[in-house]
Amino acid sequence: MKRMRLGVLGSGKGSNFRAIADAIGRGEIAADVRVVISDVATAGILELARSRGLRAEFVEPGRFKTKLEPEAERRVVELLQGAGVEWVVLAGYMRMIKPPLLAAFPRRIINIHPSLLPAFPGLEAWRQALAAGAPETGCTVHYVDEGMDTGEIIAQRAVPVLAGDTPETLHARIQVAEHALYPEVLAGLARQQV
Ligand code: GAR
């Protein structure tokens with residue numbers, strides 16, 4: 001079976017990346033992670049990648065907060081293409097994706113978002129759900145387009161919001177769902193690729 005060649009982008013601790021890498025290690029996803037890229041030099045995801053013997057690259061983001069400098073995004077494309085990546089997996093990557101990267105990987109960039117989209121796009125979606133008094137929230141895996149968390153939905157998993165939840169307890173519950181859902185979606189995409 002042909003194995004999916006993945007490039008992972010993340011800005012944070014990398015627990016979704018860990019769940020994906022573990023599932024690959026158990027033989028549950030026919031895929032290989034070719035490179036992990038971060039816009040944050042100290043991000044845990046880079047350390048995790050290195051500790052697994054995977055290629056880990058920091059790309060200096062430039063002067064904007066919500067997107068990469070165009071030159072930096074072109075560098076990301078270069079790294080991904082140079083590593084032979086076919087699918088770009090966003091795992092806690094906190095910037096918008098712009099045309100250089102979108103055009104290089106049409107319908108081949110996926111993201112996980114911590115809400116049941118289209119509810120609560122944007123930052124700290126678990127806080128938004130709590131503030132809105134939503135009875136449930138969850139996570140969504142979707143294709144990435146130019147909008148903020150607007151691309152076509154691939155799969156979702158719901159979790160309850162419980163009395164007494166804090167942002168931290170709710171996010172932790174969502175993350176348990178994320179760590180199951182993201183590897184499942186990737187396994188499904190890998191099977192379709194055959
Ligand atoms: C995850 O909850 C992910 O859904 C969220 O950041 C967290 C990253 O955790 N992503 C977004 O909010 C994207 N807008 P991780 O670094 O442990 O995978």
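The structure displayed is predicted, hence computed values, not measured ones. (Residues numbered from 1 in each chain as written. Predicted model: local features only at pLDDT ≥ 70, side-chain atom pairs only at ≥ 80, totals over all residues. Heavy atoms only, no water.)

Enquirer: Describe in detail the site of the ligand, supporting the description with residues and values.
Expert: Neighbouring the ligand are 13 residues; Gly14, Ser15, Asn16, His171 and Glu178 lie closest to it. The separation between an oxygen atom of the ligand and a polar side-chain atom of Ser15 is 2.5 Å. Ile112 places a main-chain nitrogen or oxygen 3.5 Å from an oxygen atom of the ligand. Considering the ligand on its own, with 460 Å² of exposed area, one finds that the protein chains cover 93% of that surface. Judged by its atoms lying within 2 Å of the grid points, the ligand is housed in the largest pocket. No other element matches helix H6 (residues 167-192), which puts three residues into the shell around the ligand. Split into classes, the residues belonging to the shell around the ligand amount to three nonpolar, eight polar and two charged. (Near = heavy atom within 4 Å. Polar contact = N/O pair within 3.5 Å; in protein donor to acceptor, adjacent residues only side chain to side chain. Areas by Shrake-Rupley, 256 points an atom, 1.4 Å probe, with all protein chains shown as cover. 1 Å grid on protein atoms, 1.4 Å probe; cavity = no way out; pocket = protein on both sides within 12 Å on 5 of 7 lines; lining within 4 Å. Sits in = over half its atoms within 2 Å of the grid points. Helix = DSSP H or I, 4+ residues; strand = E, 2+ residues; numbered from the N terminus. Nonpolar A, V, L, I, M, F, W, Y, C, P; charged D, E, K, R; others polar.)

Enquirer: Lay out the pattern of salt bridges with the relevant residues and their values.
Expert: Enumeration according to the criterion identifies 13 salt bridges in this entry. Close ionic contact of Asp32 with Arg3 constitutes a salt bridge, the shortest N to O distance being 3.0 Å. In this pair, Asp32 is assigned in strand E2 (residues 31-38) and Arg3 in the segment before strand E1 (4-9), connecting sequence segments 29 residues apart. Looking at Asp32, the relative accessible area reads 30%, which means it is partly exposed. (Salt bridge = Lys/Arg side-chain N within 4 Å of Asp/Glu carboxyl O. Buried < 20%, exposed > 50% of the residue type's maximum accessible area, 1.4 Å probe, protein only.)

Enquirer: Residue-level account of helix H1 (residues 15-25), with values.
Expert: For H1, the tally of buried residues reaches eight of eleven residues, placing the bulk of the element in the interior. Those residues of H1 lying buried are Ser15, Asn16, Phe17, Ala19, Ile20, Ala21, Ala23 and Ile24. Its buried side turned inward, H1 meets E1, E2, helix H2 (44-51), strand E4 (87-90), strand E5 (109-113) and H6. Of the residues one or two after H1, Gly27 is the one with positive phi, at around 80 degrees. (Contact = heavy atoms within 4.5 Å.)

Enquirer: Requested: an account of empty space enclosed by the protein, with residues and values cited.
Expert: Summed over all chains, the structure comprises one cavity of 30 Å³ or more. Residue lining of the largest cavity: Leu9, Ile37, Ser38, Asp39, Val59, Leu68, Val76 and Tyr93, and that is the complete set. (Points joined across faces, edges and corners; volume = space filled by probe spheres on them.)

Enquirer: Describe in detail the sheet that holds strand E7 (residues 153-160), supporting the description with residues and values.
Expert: Here we have seven strands laid out as an open sheet, ordered E3-E2-E1-E4-E5-E6-E7, and mixed in their pairing. Sheet topology places strand E3 (56-58) and E7 at the edges, where each strand pairs with a single neighbour. Taken pair by pair, the neighbouring strands of this sheet meet at an average axis angle of 20 degrees, ignoring direction. In the packing of H2 onto the sheet, the strands contacted are E1, E2 and E3, and the crossing angle to E2 comes to about 140 degrees. (Pairing = 2+ DSSP bridges. Axes fitted to C-alpha atoms, helices over the stretch in contact; angles between N-to-C directions.)

Enquirer: Provide a residue-level description of the packing of aromatic side chains, including the pertinent values.
Expert: Inspection of the entire model under this criterion finds zero aromatic pairs. The ring of Phe64 carries Lys67 above its face, with NZ or CZ at 4.5 Å from the centroid. Above the face of the Tyr143 ring, Arg107 is positioned so that its terminal group lies 4.2 Å from the ring centre. (Phe/Tyr/Trp six-rings, centres within 6.5 Å; stacked < 30°, edge-to-face > 60°. Lys NZ or Arg CZ within 6 Å of the ring centre and 35° of its normal.)

Enquirer: Describe the packing of helix H5 (residues 125-132) against H6, naming the residues involved and giving the relevant values.
Expert: The geometry of H5 relative to H6 is characterised by a closest axis approach of 9 Å and an angle of 120 degrees between their N-to-C directions. The orientation of H5 with respect to H6, classified from their angle, is oblique. The handedness of the crossing between H5 and H6 comes out as right-handed. Contacts between H5 and H6 involve Trp126, Arg127 and Leu130 from the former and Pro167, Glu168, Leu170, His171 and Ile174 from the latter. (Parallel < 35°, antiparallel > 145°, perpendicular 65-115°, else oblique. Left-handed = near helix turned anticlockwise from the far one by under 90°.)

Enquirer: Please set out the pairing of strand E6 (residues 136-143) residue by residue, giving values where relevant.
Expert: Counting buried residues in E6 gives seven out of eight residues, a clear majority hidden from the surface. Relative to E7, E6 runs antiparallel, the two being bridged by seven bridges. Residue pairing across strands places Thr137 opposite Val159, the latter belonging to E7.

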